[in-house]
Amino acid sequence: MSASHLLQRPIYGGAFGDDGRYALASVPCVSRGLHATRYMVVQAQAGLVLSVSEDKTEALALARQRLSAANDKRQPPKLSTEQGELWPDEPLLSPVPAPAPYVSRRRREIFERSQGLCHYCRTPIELFGKWHIEHQLPRALGGGDDALNLVAACVPCNLRKSDSTAIEFVTQGPGAA
Ligand SMILES: [Zn+2]
């Protein structure tokens with residue numbers, strides 16, 4: 001296991017030191033034929049593993065030592081040597097995969113018909129980003145859900161448009177209050 005591999009993972013157990021220079025990390029391992037956990041103090045930016053222990057208490061003591069040593073080197077000392085119980089129960093190497101972004105077919109169609117731009121102010125919008133499906137003629141004024149009445153609108157335009165019709169809105173200008 002290389003330290004650089006660690007850098008790409010969220011580090012449970014948390015950063016410590018005045019600038020988050022050190023971090024506590026745990027990784028699953030096999031020790032004497034049994035599944036175990038290895039607790040490490042790492043210096044993430046430098047990609048260093050400073051200590052490895054199979055005992056959580058010992059690892060915390062090593063982390064405190066590291067902090068005390070850093071304190072002693074600096075004048076005036078500004079690091080806290082207080083270190084709480086930071087180890088979590090989750091192992092480091094089982095991150096929950098992020099869910100794939102989902103967008104409905106209707107939303108994708110409206111996005112494509114609007115060519116990825118806000119219908120009103122032509123600001124580029126992102127398919128998976130925050131934008132609104134707009135009724136050009138508001139429902140309140142009898143506008144329907146048919147494709148021709150639906151356009152993509154950026155958040156500011158959506159908020160400004162409110163219940164005016166698209167023609168009123170465009171006449172006033174998207175920047176108008
Ligand atoms: Zn807009």
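Residues numbered from 1 in each chain as written. Predicted model: local features only at pLDDT ≥ 70, side-chain atom pairs only at ≥ 80, totals over all residues. Heavy atoms only, no water.

Structural notes on the overall build of the protein
- Each helix and strand counted, the protein has five helices and six strands in total.
- Across the protein, helices and strands are ordered from the amino to the carboxyl terminus as α-β-β-β-β-α-α-β-β-α-α.
- Scored against the burial criterion, the 177 residues of the protein give a buried share of 33%.
- Relative to all contacts within the protein whose residues are 6 or more apart in sequence, the contacts with residues 24 or more apart total 44%.
- Accessible surface, the protein: about 11,100 Å² in total, of which carbon and sulfur atoms supply 53%. (Helix = DSSP H or I, 4+ residues; strand = E, 2+ residues; numbered from the N terminus. Buried < 20%, exposed > 50% of the residue type's maximum accessible area, 1.4 Å probe, protein only. Contact = heavy atoms within 4.5 Å. Areas by Shrake-Rupley, 256 points an atom, 1.4 Å probe, with all protein chains shown as cover.)

Considering the coordination of the zinc ion
- In the first shell of the zinc ion, the protein supplies Cys118 (SG), Cys121 (SG), Cys154 (SG) and Cys157 (SG), at 2.3 to 2.4 Å from the metal.
- Spacing between the donor residues of the zinc ion along the chain follows C-x2-C-x32-C-x2-C.
- Residue classification places cysteine 118 among the buried residues on the basis of a relative accessible area of 0%. (Donors = N, O, S within 2.8 Å, 3.2 Å for Na, K, Ca; no water.)

Section: the nonpolar core
- Residues Tyr120, Ile125, Trp131 and Cys157 are the most contacted members of the largest nonpolar core, which totals 16 residues.
- Broken down by secondary-structure element, the contributors of at least two residues to this core are helix 3 (105-113), strand 6 (150-154) and helix 5 (166-172).
- No other element matches strand 6, which puts five residues into this core.
- Other than its neighbours up to four places away in sequence, tryptophan 131 contacts Arg107, Ile110, Phe111, Ile125, Glu126, Ala152 and Ala153.
- Counting residues in each nonpolar core, the second largest holds five residues, with Ala23, Ala25, Val27 and Met40 among its members. (Core = buried A, V, L, I, M, F, W, Y, C linked by side-chain atoms within 4.5 Å.)

Side note on the confidence of the model for the protein
- Looking at the protein, the pLDDT average stands at 74 and 69% of residues meet or exceed 70.
- Across residues 1-12 the pLDDT falls below 50, and counting only partners more than four positions away or on other chains, this stretch makes 26 contacts in the model. (pLDDT = per-residue confidence, 0-100.)

Observations regarding the side chain of histidine 135
- Within the secondary structure, histidine 135 is located in strand 5 (residues 131-135).
- By relative accessible area, histidine 135 is classed as buried at 14%.
- Looking at histidine 135, its side chain comes within polar contact range of the side chain of aspartate 145, at 2.6 Å.
- Dropping the residues within four chain positions of it, histidine 135 is found in contact with Gly143, Gly144, Asp145, Asn149, Leu150 and Lys161. (Polar contact = N/O pair within 3.5 Å; in protein donor to acceptor, adjacent residues only side chain to side chain.)

Some details on the packing of aromatic side chains
- Summed over all chains, the structure comprises one aromatic pair.
- Ring centres of phenylalanine 111 and tryptophan 131 lie 5.8 Å apart, and the angle between their planes is 45°; this geometry places the pair in the tilted category. Here phenylalanine 111 is found in helix 3, whereas its partner tryptophan 131 is found in strand 5, with 20 residues between them in sequence. Summarising the burial analysis for this pair, phenylalanine 111 and tryptophan 131 share the class buried.
- Of note, arginine 107 hangs over the ring of tryptophan 131, and the distance from its end group to the ring centre comes to 3.9 Å. (Phe/Tyr/Trp six-rings, centres within 6.5 Å; stacked < 30°, edge-to-face > 60°. Lys NZ or Arg CZ within 6 Å of the ring centre and 35° of its normal.)

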